[in-house]
Amino acid sequence: MPYDPYKALYLHIPFCVKRCGYCDFATAATERDSPVIDEYVESLVFQLRRASREGKLGQIETVYLGGGTPSHIGMGRLSMLLYALSTAMHLEPEVECTMEANPESLTAPMVRDIWALGVNRLSIGVQSFDDEVLRILGRAHDAEAARAAVRVAQERFRNVSVDLMGGIPGQSLASFEASVREAVALGVTHVSVYPLAIEPHTPFDAAVMRGEMAEPDDDVEAACMEAAERILGEAGFIRYEVASYARPGFESRHNTAYWTGVPYLGLGRSAATMTQNAERRMRVQDGRVVDDLNARQMAAEDLMLAMRMAQGVSDERIARAAATIGAGAVAAVFDELAALGLAEHRGGRWRPTERGWLCGNELYGRLLDLAP
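Since this is a predicted model, take the numbers as computed values, not measurements.

Caption draft 1: How the structure looks around the overall build of the protein chain. When its secondary structure is counted, the protein chain shows 14 helices and 17 strands. Taken over C-alpha atoms, the radius of gyration comes to 21 Å for the protein chain, in line with the 21 Å a tight globule of 372 residues would show. Its C-alpha atoms give the protein chain principal-axis dimensions of roughly 60 × 55 × 40 Å. Taken over 372 residues, the protein chain has a buried fraction of 54%. Within the protein chain, counting contacts between residues at least 6 apart in sequence, those at least 24 apart form 69% of the total. If you average the places of the 37 positive and of the 51 negative side-chain charges in the protein chain, the two averages end up 4 Å apart.

Caption draft 2: Fine view of the packing of aromatic side chains. Applying the stated rule across the entire model yields five aromatic pairs. Ring geometry for Tyr 258 versus Tyr 264: centroids 4.7 Å apart, planes at 90 degrees, classification edge-to-face. Accessibility expressed as a relative area gives 25% for Tyr 258, which makes it partly exposed. A cation sits over an aromatic face here: Arg 156 above Trp 115, 5.8 Å from the ring centre.

Caption draft 3: Here's a closer look at the packing of helix H6 (residues 173-186) against helix H8 (residues 218-234). The N-to-C vectors of H6 and H8 enclose an angle of 30 degrees; their axes lie 10 Å apart at closest approach. Between H6 and H8, the angle is such that the two are roughly parallel. Read as a crossing pair, H6 and H8 show a hand that is right-handed. The segment H6 lies against H8, with Leu 173, Phe 176, Glu 177, Val 180, Arg 181 and Val 184 engaging Ala 223, Cys 224, Ala 227, Ala 228, Arg 230, Ile 231 and Leu 232.

Caption draft 4: How the structure looks around the nonpolar core. By size, the foremost hydrophobic cluster in this structure holds 65 residues, and its most contacted members are Leu 9, Val 63, Leu 106 and Ile 114. When sequence neighbours within four positions are dropped, the list of residues in contact with Leu 9 reads Leu 48, Leu 57, Ile 60, Thr 62, Val 63, Tyr 64, Leu 85, Met 89, His 254, Leu 265 and Leu 267. Formed by 27 residues, the second largest nonpolar core is a distinct cluster that contains Ile 318, Ile 325, Val 330 and Leu 370.

Caption draft 5: Looking closely at the environment of Arg 346. If you trace the backbone, Arg 346 turns up in strand S16 (residues 343-346). Each C-alpha atom, one on Arg 346 and one on Ser 314, is 9.8 Å from the other, the two residues being 32 residues apart in sequence. A polar side-chain atom of Arg 346 sits 2.9 Å from a polar atom in the side chain of Glu 344.

Caption draft 6: Broad picture of the side chain of Gln 171. With respect to the helices and strands, Gln 171 occurs in the loop between strand S7 (160-166) and H6. Within polar-contact distance, the side chain of Gln 171 engages the backbone oxygen of Met 165 at 3.2 Å. In contact with Gln 171, other than residues within four places in its own chain, are Val 133, Met 165, Gly 166 and Phe 176.

Caption draft 7: Seen up close, the side chain of His 141. With respect to the helices and strands, His 141 occurs in the loop between helix H4 (131-137) and helix H5 (143-153). Note on His 141: relative accessible area 7%, which makes it buried. Each residue touching His 141, except ones within four places of it in the same chain, is listed here: Pro 103, Glu 104, Gly 125, Val 126, Leu 134 and Ala 146.

Caption draft 8: Broad picture of the pairing of S16. Looking at chain direction, S16 and strand S17 (residues 349-352) are connected through four bridges and run antiparallel. Looking at S17, one finds that Glu 344 is bridged to Arg 351. Adjacent in sequence and paired antiparallel, S16 and S17 are bridged by two residues, among which Gly 347 carries a positive phi angle near 60 degrees.

Caption draft 9: Structural detail: H6. Taking 1.5 Å per residue, 14 residues should reach 20 Å; H6 reaches 20 Å between its end C-alpha atoms and fits that length. Within H6, burial applies to Ser 175, Phe 176, Glu 177, Ser 179, Val 180, Ala 183, Val 184 and Leu 186. Looking at the buried side of H6, the elements it contacts are H4, H5, S7, strand S8 (190-195) and H8. A positive backbone phi angle near 90 degrees is found at Gly 187, which sits one or two residues after H6.

Caption draft 10: A look at the pairing of strand S5 (residues 96-101). Across the six residues that make up S5, a large majority, six, are buried. With burial as the criterion, each face of S5 is covered, one bearing Glu 96, Thr 98 and Glu 100 and the other bearing Cys 97, Met 99 and Ala 101. For the handedness criterion, the β-α-β arrangement of strand S4 (residues 62-67), helix H2 (residues 75-88) and S5 is classed as right-handed. Pairing analysis gives four bridges linking S5 to strand S6 (residues 121-127), with the strands arranged parallel. Bridge assignment links Ala 101 to a residue of S6, and that residue is Ile 124. Considered for its hand, the β-α-β crossover made up of S5, helix H3 (residues 108-116) and S6 is right-handed.

Caption draft 11: Representation of the sheet that holds S16 in the model. Strand order across the open sheet formed by three strands is S15-S17-S16, with antiparallel pairing between neighbours. Two strands lie at the open edges of the sheet, namely strand S15 (313-314) and S16, each paired on one side alone. Alignment of S15 against S17, held across two bridges, turns out to be antiparallel. Paired with Ser 314 across the bridge in S17 is Arg 349.

Reading the values: rules and limits
Residues numbered from 1 in each chain as written. Predicted model: local features only at pLDDT ≥ 70, side-chain atom pairs only at ≥ 80, totals over all residues. Heavy atoms only, no water. Helix = DSSP H or I, 4+ residues; strand = E, 2+ residues; numbered from the N terminus. Rg over C-alpha atoms; globule rule 2.2 N^0.38 Å. Buried < 20%, exposed > 50% of the residue type's maximum accessible area, 1.4 Å probe, protein only. Contact = heavy atoms within 4.5 Å. Lys, Arg positive; Asp, Glu negative; His and termini not counted. Charge placed at Lys NZ, Arg CZ, Asp CG, Glu CD. Phe/Tyr/Trp six-rings, centres within 6.5 Å; stacked < 30°, edge-to-face > 60°. Lys NZ or Arg CZ within 6 Å of the ring centre and 35° of its normal. Axes fitted to C-alpha atoms, helices over the stretch in contact; angles between N-to-C directions. Parallel < 35°, antiparallel > 145°, perpendicular 65-115°, else oblique. Left-handed = near helix turned anticlockwise from the far one by under 90°. Core = buried A, V, L, I, M, F, W, Y, C linked by side-chain atoms within 4.5 Å. Polar contact = N/O pair within 3.5 Å; in protein donor to acceptor, adjacent residues only side chain to side chain. Pairing = 2+ DSSP bridges. Expected span 1.5 Å × (residues − 1). Right-handed = clockwise from strand over helix to strand, strands pointing away.

Without other data, these values stay purely geometric and don't point to any function.
Below, the structure is given as structure tokens:
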């Protein structure tokens, strides 16, 4: 059975000016003039052209340049990459094309040039507008640079997103709330809010193990997530996914693709690709299969992913999943989620509750357990 066409494209840029203490992504601190970056970008251009020749890019609807820090590699290399992208596929205005940037490397000329080359959405890694919190995180920028980056992005882009982080040891709830309010005041159209996670083998993990840093407090992180929902909701943002808020019409179409089971192609080091048809879903990373799901497991995963979204999952979608997994098992799980206060049924849909989002591991785990 043939595989469904790719609808989303991810390009990984694994270079940063420095690595933050909490980061476990496939990135490396690399000097901007390093020939390693040139070789990598040339390889990525080759992969793009090959994917185009193989007919993999014909139905792409969203593109995401992530990292790492794409803005760190400089405009010359970005121009080469974006030009190759525009010749490899139809990079029309209706294609959402997002680029990640960090404040220390985003400049006004870069904003003008990437906009002219087809990027139409910018996602800026801010994390906080508090200098002391930025110091704790090991960020390469200060709060004023973050403000300046948002303002310069808005000279061309209407669609500007910022990332913020809560639950950081040494960060007060008041500091976090002030950062959320500042993002609103700056006029961004999208905010992603993440609780700090201590990932294995990171400097933060080592600091926790040595007793030099406190473990993030679950209650504090929950308070931050609740504060973000309150402040952003009052400002007119809609929480459309567990960690994502947008003004109406500015939801991330690329990220939504991941949560709605859309096949995606990843190019670059450690970029994941997801292929699927009605019987099988596979994720491949660096040439290695990391997920291989059958139809029952796909149906369970689709229910789990849908419950990351505010709209949840429709009764019709649940009926289709039940036909694959088993009606009794699916009904029992949703009844259990309701009894636990993790989900509720209204308007012909099952939706996550606030408690469901705060206790996401429990909610998602019970759905995945439908087809282990």
